[in-house]
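Examination of the molecular architecture
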Amino acid sequence: MSAWWRDAVIYQVYPRSFADGNGDGIGDLAGVRAHLDHLVDLGVDAIWFSPWYPSPQADAGYDVADYRDIEPIFGTLAEAESLIRAAHSVGLKIIIDIVPNHVSAAHPWFQAALASPDAPERELFWFRPGPERPTDWEGEFGGPAWTRTPDGAWYLHLFDKAQPDLNWNHPRVREEHLDILRFWLDRGVDGFRVDSAALLVKDPALPPVVDGRPHPFHDLDDVHEIYRSWRRLIDSYGGDRTLIGEVWLPDPERFARYLRPDEMHSAFNLEFLCSPWDAGRLREVIDETIRVHEPLGAVATWVLSNHDVTRPVTRYGRAETGFSFAAKREGIPTDLRLGTVRARAAALLSLALPGAAYVYQGEELGLEEVEDIPPALRQDPMWHRSGHRDPGRDGCRVPLPWSGEEPPFGFGTGTPWLPQPRAWKDRTVAVQRADPASMLSLYRAALRLRRTVPAVALTWLDSVPGVLAFRRGAFACVANLSTAPVPFDGDVLLASGPLEDGLLPPDTTVWLAL
Ligand code: GLC
Ligand code: CA
């Protein structure tokens, strides 16, 4: 057993937006295949693919119509199989997204359930008779979590109405998912990212959501048995496959329950992602993370971005640098220069911490959130379901710039499904590869050096307020989040920005050999 995931750097590919191989303006597997060299050159260990299954794309593929095939826009199953082999042959592991909480409304089970009020498939979902809406639960994208069928019944959907929730009390739902996991394990995938992992089990009494009472669909105790059964299956495949959960739970003790030795190997550290650029708060999150992971032998993860949140260079350039969905608005002023300086410092900080790290495509290019996408082109259901109060997540999903002076910047030959800013001519992979001071060069250098960092726990070093300093063996990392330059000891291995007269300037991180 290699336990490769313990210190891996995992790169998230968002297939629609990575690279387009056939000129239709939408990224696909051929595009990924053609750019595997970028990931090898960057130095990551694994790729996590956001959903690649057949889907009406009501939520960009998180509405799955068939879990055992590939979305025709992206390619074919044969292409995915050969991509898995090609990635393995260049040393990259493959993690795929599995979406167990809900299916697409186009999934055959839901279609059968809709066909008649007596269809046995209704048991696989949460159907309730009308006329009253069963509960006043609000969905995760805003708006009511129930939609009425033409025959007057209601069905539950915690996300878009095109994403009906499965009933995980039904044995067929459980068997089906074990079988889906087997399908992909047999095709060589090295792990699964479990979407919305804390939501699967609902209280069948459908009580209202009341503060201070157990939540009817967040983090119910019975969810853990599901992951135990998945872990048993995965372990039966030889032990070097991994489960990573998308678990949005601010309570570290509840979060840690998903990481018990017979459940998942790791879960996204979304508290770290949401943390403002503030030394005190970051230190708190780092300490809490280590405190809850260590006794379980679980792998801590360090995450700065993904396909759901505002890009770091935009976030860190604002007055309020933390992330929350509730506070997400567009048009809040941001200083992209400052944001970029901080995102560079944050990258070195997070990549120095013990555990696994995640890089969301485009993060290594320092791309900003695109906030001027014309409303008519926006696709995210969050934008539509929030009555346009929330700009949605399209701004972090704009197709990558690879090369050239103008859109589509080598993304493909067609018009990209979302428009790319003209200023990205300075942010292409080609330009950044040639520039030792670029964000890409920083990530590349960091990922190489990271392999030499001793695989030992972190020890905090004394530092002044606003500075985070720790060592791991003979390696040290110092991040200056204060407003004044600070001294440091050690030989510089890598710095996120220029040093000034031997001092570490504000918003800069340095890696040191002691
Ligand atoms: C997760 C995904 C998000 C998706 C939602 C519903 O939070 O990361 O993109 O919309 O689940 O599947
Ligand atoms: Ca395409």
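Each value, and the rule that gives it
Residues numbered from 1 in each chain as written. Chains lettered and ligands numbered in written order. Predicted model: local features only at pLDDT ≥ 70, side-chain atom pairs only at ≥ 80, totals over all residues. Heavy atoms only, no water. Domains from an automatic or database assignment. Buried area = accessible area lost by both parts, 1.4 Å probe. Polar contact = N/O pair within 3.5 Å; in protein donor to acceptor, adjacent residues only side chain to side chain. Helix = DSSP H or I, 4+ residues; strand = E, 2+ residues; numbered from the N terminus. Nonpolar A, V, L, I, M, F, W, Y, C, P; charged D, E, K, R; others polar. Near = heavy atom within 4 Å. Areas by Shrake-Rupley, 256 points an atom, 1.4 Å probe, with all protein chains shown as cover. Phe/Tyr/Trp six-rings, centres within 6.5 Å; stacked < 30°, edge-to-face > 60°. Buried < 20%, exposed > 50% of the residue type's maximum accessible area, 1.4 Å probe, protein only. Lys NZ or Arg CZ within 6 Å of the ring centre and 35° of its normal.

Further remarks concern the domain arrangement of the chain. Splitting the chain by domain gives domain 1 (4-101 + 167-449), domain 2 (108-156) and domain 3 (455-513). One C-alpha centre belongs to domain 1, the other to domain 2, and the line joining them spans 29 Å. For the pairing of domain 1 and domain 2, the buried interface totals around 1,800 Å² over both sides, and the portion due to carbon and sulfur atoms is 64%. Considering only the side of domain 1, the residues that lose the most area to domain 2 are N167, L206 and R385, jointly responsible for 35% of the buried surface there. Run the count over domain 1 and domain 2 and you get six residue pairs in polar contact (both at pLDDT 80 or more). Those elements that provide at least two residues to the side of domain 1 that touches domain 2 are α6 (171-185) and α13 (381-385). The residue makeup of the side of domain 1 that touches domain 2, split by class, is 12 nonpolar, five polar and six charged.

Below, the discussion takes up the site of ligand 1. Close to ligand 1 lie 14 residues, the nearest being D59, D195, E246, H307 and D308. Within the side chain of D195, one N or O atom sits 2.8 Å away from an oxygen atom of ligand 1. The contact in question runs from an oxygen atom of ligand 1 to an N or O atom on the side chain of S196, over 3.2 Å. The protein chains hide 96% of the 310 Å² of surface that ligand 1 would expose on its own. Among the residues forming the shell around ligand 1, the class breakdown is three nonpolar, four polar and seven charged.

All right, on to the packing of aromatic side chains then. A complete count under the given rule lists 28 aromatic pairs for this structure. Between W4 and W5 the ring centres are 6.0 Å apart and the planes differ by 80°, which places this aromatic pair in the edge-to-face class. Here the aromatic rings of Y53 and W184 are separated by 6.0 Å at their centres, their planes lie at 65°, and the arrangement is edge-to-face. Pair noted here: Y53 is in the loop between β2 (46-49) and α4 (77-89) and W184 is in helix α6, with a separation of 131 residues, a long-range link. In this structure W184 comes out as buried when scored by relative accessible area, which is 0%. The structure contains a cluster of three or more aromatic residues connected by ring pairs, namely F49, W52, Y53, Y67, F183 and W184. In this structure, R16 is placed above the aromatic ring of W417, and the distance from its NZ or CZ to the ring centre is 4.3 Å. The positively charged end of R315 is found above the aromatic ring belonging to Y316, 5.1 Å away from the centroid.

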